[in-house]
2 protein chains.
Amino acid sequence: MTLPARAQEPGTTTTIHTDGAGTVRRTVLHGGLRVITETLPTVRSAAFGIWAAVGSRDEAVADAGASHYLEHVLFKGTERRSALEISAAVDAVGGDLNAFTAKEYTCYYARVLDADLPLAVDVVSDMVAASLNRPEDVEAERGVILEEIHMRDDDPGDLIHDEFALALYGDTPLGRPILGTEESINTLSRDRIHGYYREHYVPSELVVSAAGNVDHDEVVGLVSRAWAGRLTGDAPPAPPRLDGAPAPVTPTTRVLDKDTEQAHIVLGSAGVARTDDRRFALGVLNAALGGGMSSRLFQEIREKRGLAYSVYSYTAQYADSGIFGVYAGCQPGKVDEVLSICRDEVAKAVDGITDEELVRGKGQLRGTMVLGLEDTGSRMSRIGKSELVYESLLPVNDVLARIDAVTLDDVRAVARDVLAAPQALTVIGPVGDHDFAA
Amino acid sequence: MTLPARAQEPGTTTTIHTDGAGTVRRTVLHGGLRVITETLPTVRSAAFGIWAAVGSRDEAVADAGASHYLEHVLFKGTERRSALEISAAVDAVGGDLNAFTAKEYTCYYARVLDADLPLAVDVVSDMVAASLNRPEDVEAERGVILEEIHMRDDDPGDLIHDEFALALYGDTPLGRPILGTEESINTLSRDRIHGYYREHYVPSELVVSAAGNVDHDEVVGLVSRAWAGRLTGDAPPAPPRLDGAPAPVTPTTRVLDKDTEQAHIVLGSAGVARTDDRRFALGVLNAALGGGMSSRLFQEIREKRGLAYSVYSYTAQYADSGIFGVYAGCQPGKVDEVLSICRDEVAKAVDGITDEELVRGKGQLRGTMVLGLEDTGSRMSRIGKSELVYESLLPVNDVLARIDAVTLDDVRAVARDVLAAPQALTVIGPVGDHDFAA
């Protein structure tokens, strides 16, 4: 168990652990800015990211979409660079510069060849630390975000997950879409966006992470220079988001009658929170129920009956809540049959899984995790996100041990808690006012 | 320049080159089966694939979609394994087992931890060499493929690329969609599918490739055992697809009036063939015109005017032809404005690009290529696909040298050839009978 960053003296460095291929180190700079790196000396690339502890669930109704809107605006220019200069710098070295906004955090990152790390640190830091958020840039980006909303609306396999969050959590911060709505985007002002930036993008609420062929001290030096003049005071790093009162779960059924070729279904319930010890057992359960081609849902719906091309189950974790969901896309005329199989399989799994499924589910989680960590971007994300949202970083070997320790009883217990809980349902398709009551 | 595989004696191995991190070796087995590997000793994973020299452009009208249909059926069971046993074997080790069908080839692959390579070789080889193609499996998969077609139809950003191929090549093998049509899928019989399999899945038309922490001789041994009894005779490996008479290009305008939120546009022309020396210059031109955030199209349409979220240009290569296309998704009411900017930018680029864009475009191609090759799956794809479709494998350093050698004159020459050629146009959206004539 590593000390949380807020117990670490500003200006000091600690080695968190050495784990398989990589060594993880953390420095806390003045102002509370954390720099965490994982050195993987056998690769030739470096991934660099800055994580902000703010996302769509921090938004009031009138600000819906502000975190994501701001993410866009940060690409539009700084005191030192125009939008073109930001993108041209990274394009010129063939790097990948991007960002994403989630419900509880926002991340800006670049993946580059190791020799180009100084450039990546300078550009991404500049965007996050010195954004101008000019009124004309906020205006130009409004149209872009409206088009992003329309693109989401044109893809029912994407739209349905936003609809499902509303069905499960209702019109609450966790239920509302990350993109905001046409109405909220049309009314958000430059002052609100800029205020949001000034309030949330402070060093103590940010985490800098780098992984790949990087040297910790070099990264700290580059970050210190890029943030020069902005890292003052002895504010400790902000603690992870409180997991006090859990988000209210109010499952409903949402049906969107739409002229699509397929009916798209998500059926699900509240899962477990990010720090919940049951998350490893739920991972195994998810693998057995709908996590791969050998899973029950894939076998019953696609392999045996040919009713769907895409069918799977999934989980999502937040500070105080989570989602367990099942997705299927099928012929509109088969929606009752497919939904009935989904409900049956979920109900059957309340009694747990077989020995063979337990072994296979553990192997699947283990292999997927280890294979995923060969990518420097995944490594950067693991340490950066963990530093932001957990009290401490669990070494990969500890995660593997936790997966290995899951028993049939653990799976049965979490299945009873999650799968037998009240269900929300969302259907998008040409289904009129069809009644989907179970 | 390496000797083509068909000049190599069956049962012999040749070292093709040692290139940066990896050494590439090829063995030709009896029956003409090629095994090509790239050893990357610093990784812990292995990617294994089998490539078949058949795709949708080999299909008669009545067989449209047969290559892709067969790809699905190969997951349904062999003499030794049921569909569940195929998927469970790879799920149990957390591997990624999948396949894809293109216009000119089909690939089956697994990515696993290095210790699980023997399993991957055995399962993928079994699927490809010993598929049963039972009538009941062909029937069950028919529904799955129809749902895949419906899913594509529900995603206009995906559908538009199939529509564009029809607009450029017409109702020809290269113009028709890889998935086939509802009509062709409904009429394809088990006998046709099985005949297609027996005709095309012969050792001399297949390439086996592996990359990662693999030993060439071990891979050859594993493949020889997995294919035991099927590798006989002295048939040489098949040569690459002939690039004789180029595919006919008959550009038209296709407008699909559809009730979507956005209008989706692809504007383009015939590009260059896979072996065309101009491909490197076209890559640089594509980068400058629409390849990244600093590109002309991104700057003009998204950055300055906020008219689109997604806007980019792209290229595709075939044995005897290619595509250069520009995509944008925008408000239906802005489609004329966006299309007009696309046409202007394409027309302007006929005169070439700037020095700065040349340098940046080269950097972008170089960096993207080198960063992409850190993934064992990409390495496996590069050598497997190259062995199938080129006379010889170009080492990474040679590709980088070819990119580096591109001049402003080269870019101007290919721009004149490609961008000034007759254009095809596809629009999907609520546009009624709007006239899109230039």
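Please read all numbers here as calculations on a predicted model, not as lab measurements.

1. Remarks on the environment of Asp63 of chain B
All names here are of chain B.
Part 1 of the argument: The topology assignment puts Asp63 in the loop between strand 4 (45-52) and helix 1 (66-73).
Part 2 of the argument: Once the C-alpha coordinates of Asp63 and Ser189 are considered, the two residues, 126 residues apart in sequence, prove to be 9.4 Å apart.
Part 3 of the argument: Once residues within four sequence positions are removed from consideration, Asp63 is found in contact with Leu188 and Arg192.

2. A word on the environment of Thr14 of chain B
All names here are of chain B.
Part 1 of the argument: With respect to the secondary-structure elements, Thr14 resides in strand 1 (residues 12-19).
Part 2 of the argument: Taking C-alpha positions, Thr14 is 5.3 Å from Arg26, a pair spaced 12 residues apart along the chain.
Part 3 of the argument: The residues contacting Thr14, other than those within four sequence positions of it, are Gln8, Arg25 and Arg26.

3. Quick notes on the nonpolar core
Part 1 of the argument: Grouped together as the largest cluster of nonpolar side chains are 137 residues, with contacts concentrated most on Ile265, Val284, Leu285, Ala328 and Val338 of chain A together with Phe48 and Val124 of chain B.
Part 2 of the argument: Sequence-distant contacts of Val284 of chain A, that is, excluding residues within four places in its chain, are made with Leu358, Gly361, Lys362, Leu365, Val406 and Val411 of chain A.
Part 3 of the argument: In terms of nonpolar packing, the next biggest core, distinct from the first, is built from 136 residues, Leu168, Ala281, Leu365 and Val411 of chain B among them.

4. Description of the sheet that holds strand 8 (residues 253-257) of chain B
Part 1 of the argument: With respect to topology, 5 strands assemble into an open sheet ordered 8-12-9-11-10 (chain B), the strand pairing being mixed. Every interior strand has two partners, whereas the edge strands, strand 8 and strand 10 (308-317) of chain B, have only one. On average, adjacent strands in this sheet sit at an angle of 10° to one another, irrespective of strand direction.
Part 2 of the argument: Examined bridge by bridge, strand 9 (residues 263-270) of chain B and strand 11 (residues 322-330) of chain B share 8 bridges and lie antiparallel to one another. Note on strand 11 of chain B: the bridge partner recorded for His264 of chain B is Gly329 of chain B.
Part 3 of the argument: Sitting on the sheet, helix 4 (residues 135-153) of chain A is in contact with strand 10 and strand 11 of chain B, with an inclination near 65° to strand 10 of chain B.

5. With respect to the relation of the copies chain A and chain B
Part 1 of the argument: Laying chain A over chain B is done by rotating through 180° and shifting 0.0 Å along the axis; what remains is an RMSD of 0.0 Å. Taken together, these values place the two copies in the relation of a two-fold axis. Relative to the rotation axis, the C-alpha of Asp155 of chain A is the closest in chain A, positioned 2.6 Å from it.
Part 2 of the argument: Mapped onto chain B, 100% of the interface residues of chain A again fall at the interface, so both copies present the same surface.

Rules of the game
Residues numbered from 1 in each chain as written. Chains lettered and ligands numbered in written order. Predicted model: local features only at pLDDT ≥ 70, side-chain atom pairs only at ≥ 80, totals over all residues. Helix = DSSP H or I, 4+ residues; strand = E, 2+ residues; numbered from the N terminus. Contact = placed C-beta atoms within 7 Å. Core = buried A, V, L, I, M, F, W, Y, C linked by C-beta atoms within 7 Å. Buried ≥ 20, exposed ≤ 12 C-beta atoms within 10 Å, placed from the backbone. Pairing = 2+ DSSP bridges. Axes fitted to C-alpha atoms, helices over the stretch in contact; angles between N-to-C directions. Least-squares fit on C-alpha atoms with pLDDT ≥ 70 in both.

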